[in-house]
Amino acid sequence: MGNCCISPAAVATEDVKSSNYSGHDHRRKENSGAGKNQKPITVLADVKKSNIEEIYLVDRELGRGEFGITYLCTDRNSSEILACKSISKRKLRTSVDIEDVRREVAIMKHLPLDSSIVRFKEACEDENAVHLVMELCEGGELFDRIVARGHYTERAAAAVMRTVVEVVQLCHKNGVIHRDLKPENFLFANKKENSPLKAIDFGLSIFFQPGERFSEIVGSPYYMAPEVLRRNYGPEIDIWSAGVIMYILLCGVPPFWAESEQGVAQAILRGAIDFKREPWPSISETATNLVQQMLEPDPKLRLTAKQVLEHPWLQNAKKAPNVPLGDVVKSRLKQFSMMNRFKRKALRVIADFLSNEEVEDLKEMFSKIDTDNNGIVSVEELKAGLQKFNSQLAESEIQMLIQAIDTNGKGTLDYGEFIAVSLHLQRMANDEHLHKAFSYFDKDGNGYIEPHELQDALMEDGASDCTNIVNDILQEVDTDKDGCISYEEFVAMMRTGTDWRKASRHYSRGRFNSLSVKLMKDGSLNLGNE
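Residues numbered from 1 in each chain as written. Predicted model: local features only at pLDDT ≥ 70, side-chain atom pairs only at ≥ 80, totals over all residues. Heavy atoms only, no water.

Quick notes on helix α14 (residues 379–388)
Phase 1: Buried within α14 are the following residues: Val379, Glu381, Leu382, Gly385 and Leu386. Angularly, the buried residues of α14 cover 160° about the axis, an arc narrow enough to put them on a single face. Structural note: α14 exposes Glu380, Gln387 and Lys388 on the side pointing more than 90 degrees away from its buried face. (Buried < 20%, exposed > 50% of the residue type's maximum accessible area, 1.4 Å probe, protein only. Helix = DSSP H or I, 4+ residues; strand = E, 2+ residues; numbered from the N terminus. Arc of directions from axis to C-beta.)

Shown next, in the form of structure tokens:
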């Protein structure tokens, strides 16, 4: 992804190109971001406006998410090599988006210096973007490093888990819930074998007071605690997520997975965990015991970070079995990592085709659907409107979507809620966007994604030596076994939920698919039929 000539300033002036959204309980108020015909917003009131490129020499792109693009940069005074995450103000469409950025900066400033957390240097702001400058971590993602190892053992897993839980403990001691612990949010500082592992992303983190409870559904489905789905949670959710990471480290697949996000949610709520599949029978009893206690469904009975760190498996990490976990675990992890990379890239390509004008046009669409002009959309108006705009959702899905977003039981959507629905629908239901994404991979335009095209696309994101993984992906997606991926097969992959090898990394900033959760008036959770 080495776009050496593209600067944060240039990217910040692009139109909004994101098909996803972020929002507290998916309840969005009318656009207060820097849209068309609006004055530039100030995000960080206590930061002096400055030109990032006067302070730092900005180099190639390192990666990107929904809101930010991360660049390699060099401090012009000290020559220190750093990373700069640039967040375009055009993508901060609502007051909630702006507050998310402010909170991320506040939390990174608030957390003490620690070897297990990326060091935050400073925040800068100019007319077009907010820039977060931090320590550069160039050793790769957690799973990718593990996959690349020739010798991966329970002892190595224990070393990783110690760091993960130390991050949780540090956050909780300082009044922060991370809320999005997952392997891709941990990077190795450098490429050395003994490199420190560091938590790098606090975009969904939140401050909390003892006893405070939260209801916003955030995080990535695999790693989400049951109480998050029930909309009543506290800091204990981070231990659950860490437990999921540990389970995956030891056997290569998540403890809860299904063919859809609803299925994942139902599996989490059922709580049945398989400790019989390979290699669990050969994993130490203390490791299995710790995973079970971290994945305790009742948050009151779940271990605290301190208790996890005091557990015999971590206390005696250097004595943990040094026997390789086996090829089956490495193969599963590699598939998990690379299939995620494919779908994540496809989602990002789709995001790039939703322009600022399309977002602006949603206001006009809302007016057309709101036929009685009362400022809210009823179920009947939404159904009629979605039919008018050729949505493929069934009536039951529309009803579930409304009930998932409308937690007050009104049975209607205001403008902010409507934006959330519309952006969700456009993300996956828009054939034009899917065609454009498919064309991105189908470089020669022959109507098929061929093995070399898939490999080239994955290597653009820094993957290397992925021939075997391309074959694994084809095995999953190429249903007619003709050796390449047709448009129909691509769409099926994008619209099928979360088989563990087909999981997106939730480029939508960790907000859970609205269709997945229906909160009943009595507080119980109904996830519909599979």
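From this point on, the discussion continues.
What about the UniProt feature "binding site: ATP" (unreviewed entry) in the protein?
Phase 1: Sequence positions flagged by UniProt for "binding site: ATP" (unreviewed entry) are, in local numbering, Lys85.
Phase 2: If you trace the backbone, Lys85 turns up in strand β3 (residues 81–88).
Phase 3: Each residue touching Lys85, except ones within four places of it in the same chain, is listed here: Gly68, Ile69, Thr70, Glu104, Val130, His131, Leu132, Met134 and Asp201.
Phase 4: A distance of 3.0 Å separates polar atoms of two side chains, one belonging to Lys85 and the other to Glu104. (UniProt positions renumbered as here; feature names shortened; annotations may be inferred. Contact = heavy atoms within 4.5 Å. Polar contact = N/O pair within 3.5 Å; in protein donor to acceptor, adjacent residues only side chain to side chain.)

Thoughts on helix α7 (residues 236–251)
Phase 1: Its 16 residues give α7 an end-to-end C-alpha distance of 23 Å, which sits within 8% of 22 Å, the value for a rise of 1.5 Å per residue.
Phase 2: Just beyond α7, the residue with positive phi is Gly252, at close to 90°. (Expected span 1.5 Å × (residues − 1).)

Side note on the pattern of salt bridges
Phase 1: If you walk through the whole model with that rule in mind, you get 14 salt bridges.
Phase 2: In this structure, the salt-bridge partner of Glu80 is Lys121, at a minimum N-O distance of 3.9 Å. With Glu80 in the loop between β2 (68–75) and β3 and Lys121 in strand β4 (residues 120–125), this residue pair connects regions lying 41 residues apart in the sequence.
Phase 3: Between Glu166 and Arg162 there is a salt bridge, and its shortest N-O distance comes to 3.8 Å. One end of the pair is Glu166 and the other is Arg162, both in helix α5 (residues 154–173) and four residues apart, which spans about a single turn. (Salt bridge = Lys/Arg side-chain N within 4 Å of Asp/Glu carboxyl O.)

Looking at the pairing of β3
Phase 1: Of all eight residues in β3, seven are buried, a share of seventy percent or more.
Phase 2: In this structure, β2 lies alongside β3, joined through seven bridges in antiparallel fashion. Within β3, the residue paired with Leu72 across the bridge is Ala83.
Phase 3: With seven bridges joining them, β3 and strand β5 (residues 129–135) adopt antiparallel strand pairing. Its bridge partner being in β5, Lys85 is matched across the sheet by Leu132. (Pairing = 2+ DSSP bridges.)

Some words on the packing of aromatic side chains
Phase 1: Taken as a whole and assessed by the stated rule, the structure comprises ten aromatic pairs.
Phase 2: Between Tyr222 and Tyr223, the ring centres sit 6.4 Å apart and the planes meet at 85°, which makes this aromatic pair edge-to-face.
Phase 3: A residue is classified by how much of its surface remains accessible, and Tyr222, at 6% relative accessible area, is buried.
Phase 4: Judged by its relative accessible area of 4%, Tyr223 is buried.
Phase 5: Within the aromatic cluster, the residues linked to one another by ring pairs are Phe438, Tyr440, Phe441, Tyr487 and Phe490.
Phase 6: Of note, Lys443 hangs over the ring of Tyr440, and the distance from its end group to the ring centre comes to 4.0 Å. (Phe/Tyr/Trp six-rings, centres within 6.5 Å; stacked < 30°, edge-to-face > 60°. Lys NZ or Arg CZ within 6 Å of the ring centre and 35° of its normal.)

Overview of the packing of α7 against helix α9 (residues 285–294)
Phase 1: Across the interface, α7 lies against α9 with an axial gap of 8 Å and an inter-helix angle of 145°. The two elements α7 and α9 cross, and the hand of that crossing is left-handed. On α9, the residues that touch Ile239, Trp240, Ala242, Gly243, Met246, Tyr247 and Leu250 of α7 are Ala287, Leu290, Val291 and Met294.
Phase 2: Here the residues of the contact of α7 with α9 sort into ten nonpolar, one polar and no charged. (Axes fitted to C-alpha atoms, helices over the stretch in contact; angles between N-to-C directions. Left-handed = near helix turned anticlockwise from the far one by under 90°. Nonpolar A, V, L, I, M, F, W, Y, C, P; charged D, E, K, R; others polar.)

A word on the nonpolar core
Soluble, globular proteins show a tendency: their nonpolar side chains are buried together.
Phase 1: In terms of nonpolar packing, the biggest core is built from 98 residues, with Met161 and Trp313 touching the most fellow members.
Phase 2: Take this core: its biggest share by element is twelve residues, from α7.
Phase 3: Each of two domains, domain 1 (52–135) and domain 2 (140–323), supplies a minimum of three residues to this core.
Phase 4: Beyond its immediate sequence surroundings of up to four residues, Trp313 is in contact with Glu154, Ala157, Ala158, Met161, Met246, Ser284, Thr286, Ala287, Leu290 and Ala320.
Phase 5: Membership of the second largest hydrophobic core comes to 20 residues, among which are Phe441, Ala457, Leu458 and Val491. (Core = buried A, V, L, I, M, F, W, Y, C linked by side-chain atoms within 4.5 Å. Domains from an automatic or database assignment.)

Side note on the side chain of Arg302
Phase 1: One can find Arg302 in the loop between α9 and α10 (305–309).
Phase 2: Within the structure, Arg302 has its side chain in polar contact with the side chain of Glu227 (distance 2.8 Å).
Phase 3: Setting aside chain neighbours within four positions, we find Arg302 in contact with Ala225, Pro226, Glu227, Glu236, Ile237, Ile239, Trp240, Gln293, Met294, Glu296, Pro297 and Gln307.

With respect to unusual backbone geometry
Phase 1: Here the amide bond leading from Glu278 into Pro279 is cis, since omega sits at 5°, within 30 degrees of zero.
Phase 2: For Arg231, which is not glycine, the phi torsion reads 60° and is therefore positive.
Phase 3: Note that Arg231 resides in the loop between α6 (226–229) and α7.
Phase 4: Backbone geometry places Asn373, a non-glycine residue, at a positive phi of 55°.
Phase 5: With respect to the helices and strands, the residue Asn373 is situated in the loop between α13 (356–369) and β10 (377–378).

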